[in-house]
Amino acid sequence: MPVNWREHIVSSSDVLRGKPRIKGTRIPVSLILGYLAADNTYDQIIQEFPDLQREQIAACLDYARDLASFETVAS
């Protein structure tokens, strides 16, 4: 399922001290990634957070992929 994380992930300094979160919620991306890392399924996560949609969970993975592919120049 192709998802553009920019449609679902936001960050603002006045909410969660600027941590990336799912738009319209106070649920941090890191929390959802933690659930996924603990081998929870999308359905299990949605059961825990009924307001979430599958696309929002997929957006968290897409966001993490983008961060992992970020390149820096070693000095």
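All chains use their own residue numbering, which begins from 1 and follows the written sequence. Whole-chain, interface and lining totals are the exception, using all residues; otherwise, since this is a predicted model, local features are given only for residues with pLDDT of at least 70 and side-chain atom pairs are given and counted only at 80 or more. Side-chain measures were taken over the full set of non-hydrogen atoms in the model, leaving aside hydrogen atoms and water.

**Describing the side chain of H8**
Its location among the elements puts H8 in the segment before β1 (9–10). Not counting residues within four places of it along the chain, the set of residues in contact with H8 comprises V3, R21, I22, K23, E55, Q56 and A59. In this text, helices come from DSSP runs of H or I with a minimum length of four residues, and strands from runs of E with a minimum of two, each type numbered from the N-terminal end. Residue contacts are defined here by distance: any two heavy atoms, one from each residue, within 4.5 Å place the two residues in contact.

**Regarding the packing of helix α1 (residues 29–37) against helix α3 (residues 54–68)**
Axis geometry follows a simple rule: fit a line to the C-alpha atoms, using only the stretch in contact for helices, then measure angles between N-to-C directions, giving values from 0 to 180 degrees. Interhelical geometry of α1 versus α3 gives an angle of 95 degrees and a closest axis separation of 9 Å. Of the possible angle classes, the one that applies to α1 and α3 is roughly perpendicular. Residue-level contacts link V29, I32, L33 and L36 of α1 to I57, C60, L61, Y63 and A64 of α3. Ten residue types, Ala, Val, Leu, Ile, Met, Phe, Trp, Tyr, Cys and Pro, are classed as nonpolar, four, Asp, Glu, Lys and Arg, as charged, and the remainder, Gly among them, as polar. Of the residues in the contact of α1 with α3, the class split is 9 nonpolar, no polar and no charged. Oblique is the label for any angle not under 35 degrees, not over 145, and not in the 65 to 115 range, which are roughly parallel, roughly antiparallel and roughly perpendicular in turn.

**Things to note about the packing of aromatic side chains**
The geometry of an aromatic ring pair is captured by the separation of the ring centres together with the interplanar angle, meaning the angle of the planes. Side-chain rings of Phe, Tyr and Trp, where Trp is taken by its six-membered ring, are said to pair if the distance between their centres is within 6.5 Å; with planes under 30 degrees apart they count as stacked, over 60 as edge-to-face, and otherwise as tilted. This model, assessed by the stated rule, comprises 2 aromatic pairs. When the ring of W5 is compared with that of Y63, the centres are 4.8 Å apart and the planes differ by 80 degrees; the resulting orientation is edge-to-face. Taken as a pair, W5 in the segment before β1 and Y63 in helix α3 lie far apart in primary sequence, 58 residues in all. Of the two residues, W5 and Y63, both sit in the buried class. For the pair Y35 and F49, a centre-to-centre distance of 5.5 Å together with 80 degrees between the ring planes defines the contact as edge-to-face. Taken together, the residues Y35 in helix α1 and F49 in the loop between α2 (42–48) and α3 connect sequence positions 14 residues apart. Whether a residue is buried, partly exposed or exposed follows from its accessible area with a 1.4 Å probe, protein chains only, as a fraction of its type maximum: under 20%, in between, or over 50%, in that order.

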